[in-house]
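A closer look at the structure
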Amino acid sequence: MDKIDVIVIGAGVIGLATAAELCRKFPDACIGVFDKEQQFGWHTSSRNSEVIHGGMYYPTGSLKAKLCVEGRQLLYEFCEQHQIPHQRIGKLIIAREDSEIPAIEGIARQGAINGVDDLVMIDKAQVMKLEPHIKAVAAIHSPSTGIIDSHKLMAKFEAMILSGDNGFIGYKHEIVGVEYTGSEYIVTYKGPDGQVDQLACDWLINAAGLWSDVVPGWLGLDAAKEGYKIYWVKGEYFSISASKSKLLNHLVYPPPLKALVGIGIHVTKSLDGRARLGPSAFYVDSVNYDVDPEHQQQFYDAARLYLPFVERDDVAPDMAGVRPKIQSPTDPQKDFVIRHEAANGLPGFINLVGIESPGLTAAIAIGRMVAGWVEI
Ligand SMILES: Cc1cc2nc3c(=O)[nH]c(=O)nc-3n(C[C@H](O)[C@H](O)[C@H](O)COP(=O)(O)OP(=O)(O)OC[C@H]3O[C@@H](n4cnc5c(N)ncnc54)[C@H](O)[C@@H]3O)c2cc1C
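A brief structural summary. (Residues numbered from 1 in each chain as written. Predicted model: local features only at pLDDT ≥ 70, side-chain atom pairs only at ≥ 80, totals over all residues. Heavy atoms only, no water.)

1. Brief notes about the environment of proline 329
The condition that has to hold: Secondary structure follows DSSP: runs of H or I at least 4 residues long count as helices, runs of E at least 2 residues long count as strands, and numbering of each begins at the N terminus. Exposed residues in this analysis have more than 50% of their type's maximum accessible area, buried residues have under 20%, and partly exposed residues fall in between, with area computed by a 1.4 Å probe over protein chains only.
Note on placement: proline 329 falls in the loop between strand S18 (315–325) and strand S19 (337–340). Note on proline 329: relative accessible area 58%, which makes it exposed. Separated by 98 residues in the primary sequence, proline 329 and tyrosine 231 place their C-alpha atoms 8.8 Å from one another.

Structural data, given as structure tokens:
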């Protein structure tokens with residue numbers, strides 16, 4: 001059986017960023033990425049808001065806070081160095097009425113604790129200068145929140161992996177089992193024609209996104225006990241008509257409600273100027289990316305609380321993504337799991353589980369963290 005140094009499961013933005021960093025760091029090694037789909041970013045990495053987040057929402061000391069703030073800086077540098085389309089469009093977290101001001105002040109304080117050092121509280125007159133058409137009495141302005149072309153970002157990581165002679169990517173290659181012999185991992189995969197084969201490696205990196213709780217089970221780890229069980233939380237988007245999109249200059253977020261599993265239906269803009277509402281958040285038991293047109297009223301109701309110029313017919317079904325959450329409907333907010341399983345008797349096995357938002361923003365920082373553990 002052939003053997004390589006590292007196998008990465010998953011060619012989403014996390015697996016690709018990690019493999020690109022490993023290829024850069026270990027020019028003499030052999031690093032393989034496997035994905036069951038025909039192209040990179042088939043799932044969550046292509047179905048998100050494409051926002052480069054600031055990092056103000058996440059709990060003190062969490063990996064989400066640390067890797068978002070570090071990752072944002074690294075991502076902007078990477079975009080500038082490699083001409084990845086992006087824009088520092090800026091974001092407003094608004095108070096729609098006075099009673100919401102304490103909530104946004106709390107977010108600004110948490111942002112300062114997390115090292116987001118450019119947040120500014122602005123009053124109604126300042127909000128109106130930036131966004132003359134929205135309803136708000138105050139806001140936090142985050143100038144370094146941005147948007148990015150995530151497809152071009154992943155295409156660049158892919159090119160970095162394939163440009164040397166130490167990396168390869170196997171699309172339409174599904175990993176179906178892994179065994180640890182005590183000294184190496186034997187990975188079983190199904191190729192494009194259904195043929196089953198095996199490849200050995202010293203390091204196994206699980207970046208399987210929505211299915212990342214399956215891999216630890218193959219190696220005898222109990223997903224529920226380890227806190228790896230994934231719950232799928234769907235988020236739908238509805239677009240705002242082109243003429244009304246032009247009335248918005250920033251990303252605009254109302255304060256998150258306490259019981260929410262997402263951060264509430266907000267407005268994002270894409271690099272081509274289109275505005276979208278979303279994502280919503282609801283638990284599902286299968287992965288599909290349909291948008292239910294029946295949800296239009298819910299989006300319209302959320303929008304008109306702060307976008308009075310939006311009419312019902314301006315709102316149309318757009319796209320959907322699914323979050324790989326490790327919190328059940330009754331759990332408190334949970335952090336990313338990024339763990340080397342040496343303590344569980346599995347040296348060389350690294351799990352990346354529950355990499356929901358801000359995973360895109362944090363991707364390069366996550367890749368560096370993981371590559372820092374790998375010894376070849
Ligand atoms: C609605 C929504 C909005 C979001 N908005 C933002 C945002 O604005 N900014 C931000 O920073 N983050 C955002 N995120 C989070 C971000 O999109 C994710 O953190 C990130 O895309 C996760 O990437 P990944 O590589 O871990 O997962 P994925 O992109 O899902 O990649 C995992 C890959 O593993 C493959 N795979 C799985 N099992 C196997 C197997 N057995 N064999 C082979 N291949 C396998 C899959 O085919 C898939 O391609 C959002 C997420 C959602 C759902």
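On we go.
2. Examining the site of the ligand
Just so we agree on the cut-off: By convention in this text, a residue qualifies as near a molecule or strand provided that one of its non-hydrogen atoms is within 4 Å of it. A 3.5 Å cut-off defines polar contacts: any pair of N or O atoms within that distance qualifies, except that in protein one atom must be a possible hydrogen donor and the other a possible acceptor, and neighbouring residues in sequence count only when both atoms are side-chain atoms. Accessibility throughout is a Shrake-Rupley quantity obtained with a 1.4 Å probe, and a residue counts as covered only by protein chains that appear here.
Surveying the vicinity of the ligand reveals 37 residues, the closest of which are Asp35, Ser45, Val51, Ile355 and Thr361. A distance of 3.2 Å separates an oxygen atom of the ligand from a polar backbone atom of leucine 360. With the chains in place, 97% of the 1000 Å² that the ligand exposes on its own is no longer accessible. Of all the secondary-structure elements, those providing two or more residues to the shell around the ligand are helix H1 (13–25), strand S10 (174–180), S18 and helix H10 (359–373).

3. What to know about the packing of aromatic side chains
The line we're drawing: Two aromatic rings, drawn from Phe, Tyr or Trp (for Trp, its six-membered ring), form a pair once their centres lie within 6.5 Å of each other, and the interplanar angle then sorts them: stacked below 30 degrees, edge-to-face above 60, tilted otherwise. Here, a charge over a ring is recorded when the distance from Lys NZ or Arg CZ to the ring centre is within 6 Å and its angle to the ring normal is within 35 degrees.
Following the criterion strictly, the structure yields eight aromatic pairs and no others. Ring geometry for phenylalanine 34 against tyrosine 189: centres 5.2 Å apart, planes inclined by 55°, an arrangement best described as tilted. Here phenylalanine 34, found in strand S2 (residues 31–34), pairs with tyrosine 189, found in strand S11 (residues 185–190); they are 155 residues apart in sequence, far enough to count as distant. Pair check on accessibility: phenylalanine 34 and tyrosine 189 agree, each one buried. Between tyrosine 185 and phenylalanine 349, the aromatic rings sit 6.2 Å apart at their centres with planes inclined by 45°, giving tilted as the arrangement. Here tyrosine 185 is found in strand S11, whereas its partner phenylalanine 349 is found in strand S20 (residues 349–353), with 164 residues between them in sequence. In this structure, tyrosine 185 and phenylalanine 349 share a single accessibility class: buried. Above the ring of tyrosine 76, the side-chain terminus of arginine 88 is found at 3.8 Å from the ring centroid. The ring of tyrosine 237 has arginine 276 lying over it, and the distance from NZ or CZ to the ring centre is 4.5 Å.

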